[in-house]
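Topology and contacts: notes
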Amino acid sequence: METGFTPLYTMTIEEARKADAETEATAWTWHEHPDEIFDVTIPGPAGGQQLRVYRPHSETPLPVLMYFFGGGWVVGSLETSDAICRALAAMTPCTVVSAGYRLAPEHPFPAAVDDCYAAVKWVAEHADQLGADGSRMAVGGDSSGGNLAAAMTLMAKDDDEGPAIAAQVLVYPPFRAYADTKSMRENKDPMFFNAYSSEWFWDVYLADRAAGESPLASPLNAADHSELPAALVMTAEYCPLSDEGQDYVDVLFRAGVPVEHHHYKDLTHGFLALSSILETARDAMGLIADFLRRRLA
């Protein structure tokens, strides 16, 4: 049946990025917006690295949420996560810092991981310049951004001089490269993010499949998940990554990490970006804000 819909994995990289950019969520009207939004360029592993700061009005320094945009490490940008960052900054409230990072295939794994960790460390050390409190920091992201957020907690844990991360928000991310799960096998609808999409993104992100064994690509492969920050994990019924999310929840629980899991029936991957039209997605945004308020108090 002809649908008129063209999956990203059938496009060239340039076509996929253009198509993804055209679907970015515009600023939503159902919530307040932060008073200040501005860009900062910091020294990154490959030169200047762009951060976007969302700062609500406050007489005292606010906690920080480092947010990483989704897009399979191949598409996506600071613009595609703008609506989500605006909402979380205002709703929590907190200073949200959205981190730009290099994309594959021009810059395969671990370039994105290295960029994101450099951003986390810089913000922790320079939070006062942003009117924020770097001692109260969370990391978060949706889809591949959630994968990067999970990787940040593993890196910080193993870094004696790393930033103290108090919480992690992981919204329908992949947790293992080329996972062969029931949800992956069942979700092949070409109209949605599906098993074919997942394999394509991994193929583009990784220089070779063996690199996917790294815990910084596949957080489920970490040898030890204990002492990681408290986690909020969100999964969706019609998302091929759903079972990986449940597996990560189970791993964190067994490791003694406080973890909250919200599984959304009848929803697909990417539902958070539909908050302007979907009440369930707005409720999920509220749950994230509540989790952050509690963990960053």
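Structure: see above.
Keep in mind it's a predicted model, so treat the numbers as computed, not measured. Every chain's residues receive numbers from 1 upward, in the order its sequence appears when written. At least 70 in pLDDT is required for a residue's local features to be given in this predicted model, at least 80 for side-chain atom pairs to be given and counted, and no such filter applies to totals for whole chains, interfaces and linings, which use all residues. Based on all heavy atoms of the structure, the side-chain values leave hydrogens and waters out of the count.

Attention now moves to the overall build of the protein. Only DSSP runs of H or I covering at least 4 residues are called helices, and only runs of E covering at least 2 are called strands; the numbering of each starts at the N terminus. What the protein contains, in helices and strands, is 8 helices and 8 strands. Between the two quantities, the radius of gyration covers C-alpha atoms and the globule rule is 2.2 Å times the number of residues to the power 0.38. Taking 19 Å as the expected radius of gyration for a compact globule of 297 residues, we find that the protein reaches 18 Å, a close match to that expectation. Over its C-alpha atoms, taken along the principal directions, the protein stretches across nearly 55 × 45 × 40 Å. Taking all 297 residues of the protein together, the buried fraction comes to 55%. Here, two residues are considered to be in contact whenever any of their heavy atoms come within 4.5 Å of each other. A sequence separation of at least 24 residues applies to 77% of the contacts in the protein between residues at least 6 apart. The protein chains shown are the only cover counted for residues, whose accessible areas, like all others here, come from Shrake-Rupley with a 1.4 Å probe. For the protein, the exposed surface amounts to about 12,500 Å²; the carbon and sulfur share of it is 50%. Within the protein, one finds 20 positive and 43 negative side-chain charges whose respective centroids are separated by 3 Å. Partly exposed describes any residue whose relative accessible area lies between the buried limit of under 20% and the exposed limit of over 50%, with all areas from a 1.4 Å probe on protein chains only and scaled to the type maximum. Note on charges: Lys and Arg go in the positive column, Asp and Glu in the negative column, and His and the chain ends are not counted at all. One atom stands in for each charge, and that atom is NZ of Lys, CZ of Arg, CG of Asp or CD of Glu.

A word on helix 4 (residues 144–158). An expected span of 1.5 Å times one less than the residue number is assigned to each helix. Its 15 residues place the ends of helix 4 21 Å apart at the C-alpha level, agreeing with the 21 Å of an ideal helix rising 1.5 Å per residue. Taken across its 15 residues, helix 4 has 13 buried, putting it largely inside the fold.

Once that is clear, we can look at the packing of aromatic side chains. Planes of paired rings set the category: under 30 degrees apart is stacked, over 60 is edge-to-face and the rest tilted, where pairs are Phe, Tyr or Trp rings (Trp by its six-membered ring) whose centres lie within 6.5 Å. In total, this model carries 13 aromatic pairs according to the counting rule given. Where Trp73 meets Tyr205, the ring centres are 4.1 Å apart and the plane angle is 5°; that geometry is what we call stacked. Taken together, the positions of Trp73 in the loop between strand 3 (62–68) and helix 2 (82–91) and Tyr205 in helix 6 (residues 195–205) put the pair 132 residues apart, joining distant regions of the chain. Judged by relative accessible area, Tyr205 falls into the buried class, the value being 1%. When the ring of Phe109 is compared with that of Tyr205, the centres are 5.7 Å apart and the planes differ by 70°; the resulting orientation is edge-to-face. On the criterion of sequence distance, the pair formed by Phe109 in the loop between strand 4 (95–99) and helix 3 (111–126) and Tyr205 in helix 6 is long-range, its members being 96 residues apart. A residue is classified by how much of its surface remains accessible, and Phe109, at 12% relative accessible area, is buried. Connected via pairs of aromatic rings, a cluster forms that spans Trp73, Phe109, Tyr178, Trp202 and Tyr205. Over the ring of Tyr178 we find Arg209; its NZ or CZ atom is 3.7 Å from the centre of that ring. Distance and angle both matter: a charge sits over a ring if NZ of Lys or CZ of Arg is within 6 Å of the ring centre and within 35 degrees of the ring normal.

It is worth spelling out the packing of helix 2 against helix 8 (residues 279–295) at this point. Axis lines are fitted through C-alpha atoms, for helices just across the contact stretch, and the angle between N-to-C directions can take any value from 0 to 180 degrees. Orientation of helix 2 relative to helix 8, taken along the N-to-C sense of each, is 50°, at an axis distance of 9 Å. When the interaxial angle is binned, helix 2 and helix 8 end up oblique. Here helix 2 and helix 8 pass one another in a crossing that is right-handed. Contact residues: Ile84, Ala87, Leu88 and Met91 in helix 2; Met285, Gly286, Ile288, Ala289 and Arg293 in helix 8. For the contact of helix 2 with helix 8, the class distribution of residues is 7 nonpolar, 1 polar and 1 charged. Any angle between 65 and 115 degrees counts as roughly perpendicular, while under 35 counts as roughly parallel, over 145 as roughly antiparallel, and the rest as oblique. Left-handed describes a crossing in which the near helix is turned anticlockwise from the far one by less than a right angle; the clockwise case is right-handed. We call Asp, Glu, Lys and Arg charged. Ala, Val, Leu, Ile, Met, Phe, Trp, Tyr, Cys and Pro are nonpolar, and the rest, Gly among them, are polar.

One ladder, built from 7 bridges, connects strand 7 (residues 230–238) with strand 8 (residues 259–268); its direction is parallel. Note that in strand 8 the partner of Met234 across the bridge is His262. Viewed with both strands pointing away, a crossover whose connecting path from the first strand over the helix to the second turns clockwise is right-handed. Each parallel crossover has a hand, and for strand 7 linked through helix 7 (residues 242–254) to strand 8 it is right-handed. Strand pairing requires that DSSP identify at least two bridges connecting the strands.

Attention now moves to the side chain of Asn147. With respect to the helices and strands, Asn147 occurs in helix 4. Overall, Asn147 belongs to the buried group, its relative accessible area being 0%.

Moving on: the environment of Leu278. As for its position among the elements, Leu278 is in the loop between strand 8 and helix 8. Taking the relative accessible area as the measure of exposure, Leu278 reaches 24% and is therefore partly exposed. Along the primary structure Leu278 and Pro43 are separated by 235 residues, whereas in three dimensions their C-alpha atoms are 39 Å apart. Setting aside its immediate chain neighbours within four residues, Leu278 contacts Leu267 and Phe271.

Looking now at the pairing of strand 7. Most of strand 7 is tucked away, with 7 of its 9 residues classed as buried. Note: strand 6 (residues 165–171) against strand 7, 5 bridges, orientation parallel. The residue of strand 7 that forms the bridge with Gln168 is Ala231.

So far we have only geometry, and geometry alone does not tell us how the molecule works.
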